[in-house]
Amino acid sequence: MKAIVCKSWGLPDTLVVEDLPDVVPGAGQVSIDVQAAGVNFPDVLIIQGKYQFKPELPFTPGSELAGVVRAVGEGVTHFKVGDKVLAFVSQGAFAQQITASEKVVMPMPPGLDFDTAAAITLTYGTSHHAVVDRAQLKAGETMLVLGAAGGVGLAAIEIGKALGARVIAAASSDEKLAICKEHGADATINYSTEDLREAIKTATDGKGPDVIYDPVGGIYAEPAFRSIAWRGRYLVIGFANGEIPKLPLNLPLLKGASLVGVFWGEFARREPKANQAAMRELLGWMAEGKIKPHISGRYALADTPRALNDMAARKVTGKVVIQPQK
């Protein structure tokens with residue numbers, strides 16, 4: 001089988017395609033023919049050695065996937081050969097085959113296609129954990145989403161609307177904001193052409209947002225936080241801008257506001273039952289049509305470096321997927 005291999009820390013163009021032995025499941029494991037693998041911003045960081053954890057070299061990147069069970073190991077009772085499944089793993093999804101623990105594999109809901117199934121776990125898992133669990137967003141509250149046209153941003157918009165909140169989407173172009181509107185945003189801010197603080201003030205009648213969802217960091221963090229409502233919750237999702245902001249700590253004091261860290265991967269590891277309950281709610285919302293991943297690009301396995309370069313250059317809206325069998 002073919003797989004993308006990271007042999008040394010570097011940019012996407014340093015990745016190579018290699019022929020590797022077919023996978024064989026061990027006890028408690030499931031082997032899967034990967035039909036689609038979701039691409040996420042952490043993938044760009046991991047291959048450079050810049051993420052929260054560093055895999056041992058060499059390794060195959062990619063963490064979320066959907067496919068068909070090709071074999072099951074001893075003791076596996078929940079899956080059989082031919083089952084359509086989705087999974088979230090620490091690495092290895094950018095390959096034609098993968099072996100994963102039965103614990104991280106879930107049945108694909110009926111009627112779901114592989115590309116969509118591969119776009120659910122990390123982005124929607126992150127945004128559900130952030131918005132529902134960490135921020136406890138309520139119906140009638142207002143949430144501002146920065147970087148709103150990205151994968152986690154669009155997921156946050158849809159989850160906010162599913163909860164009955166008002167959602168303001170902020171992004172860097174009118175084209176991106178049009179996609180945000182399609183996914184339910186009530187109002188939009190183009191922070192490339194508008195003053196962010198003034199636009200937030202106008203969009204919230206001077207009250208400020210109750211929740212701010214920030215996967216971007218950089219120069220937008222402080223003006224956004226200065227605009228937050230009393231008792232607001234500022235969700236620290238990530239730093240797609242590349243710069244980790246340094247907020248003056250008098251700002252949370254003055255607004256009675258909270259800085260709330262969001263690390264979905266660690267949450268899923270430490271609190272698996274809570275994460276499974278969240279995924280069930282997400283899949284239920286999907287069946288009801290309340291959420292629908294926006295897939296803006298599909299790449300063959302050999303084009304994985306281009307997919308990661310597009311992600312790094314912030315050219316991606318919603319999600320892109322790798323199709324390893326092509």
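Residues numbered from 1 in each chain as written. Predicted model: local features only at pLDDT ≥ 70, side-chain atom pairs only at ≥ 80, totals over all residues. Heavy atoms only, no water.

Caption draft 1: Fine view of unusual backbone geometry. Residue Pro58 follows Leu57 across a cis peptide bond; omega there is -10°. Its place among the elements puts Pro58 in the loop between helix H1 (41-46) and strand E4 (64-72). A positive phi angle, near 65°, is found at Arg231, a position not held by glycine. Turning to its location among the elements, Arg231 is positioned in the loop between helix H7 (221-226) and strand E12 (233-236). Judged by its relative accessible area of 60%, Arg231 is exposed. (Helix = DSSP H or I, 4+ residues; strand = E, 2+ residues; numbered from the N terminus. Buried < 20%, exposed > 50% of the residue type's maximum accessible area, 1.4 Å probe, protein only.)

Caption draft 2: Spatial organisation of the pairing of strand E3 (residues 29-39). Across the eleven residues of E3, eight count as buried, placing the element largely inside the fold. Of the pairings in the sheet, the one linking E3 to strand E6 (residues 97-101) comprises five bridges and is antiparallel in character. Its bridge partner lying in E6, Ile32 is registered against Ile98. Here E3 pairs with E4 via eight bridges, running antiparallel. Looking at E4, one finds that Ala36 is bridged to Ala66. (Pairing = 2+ DSSP bridges.)

Caption draft 3: Region of interest: the nonpolar core. Core analysis: the largest hydrophobic core is formed by 43 residues, its most contacted members being Met143, Val145, Ile157, Cys180, Tyr213 and Leu235. Looking at this core, the elements that each hand over two or more residues are helix H3 (121-134), strand E8 (142-145), helix H4 (151-162), strand E9 (166-171), helix H5 (174-182), strand E11 (211-214) and helix H10 (272-287). Among the nonpolar cores identified, the runner-up in size contains 32 residues, and Ile32, Val89, Phe94 and Ile98 belong to it. (Core = buried A, V, L, I, M, F, W, Y, C linked by side-chain atoms within 4.5 Å.)

By themselves, these are just geometric observations and shouldn't be taken as functional.
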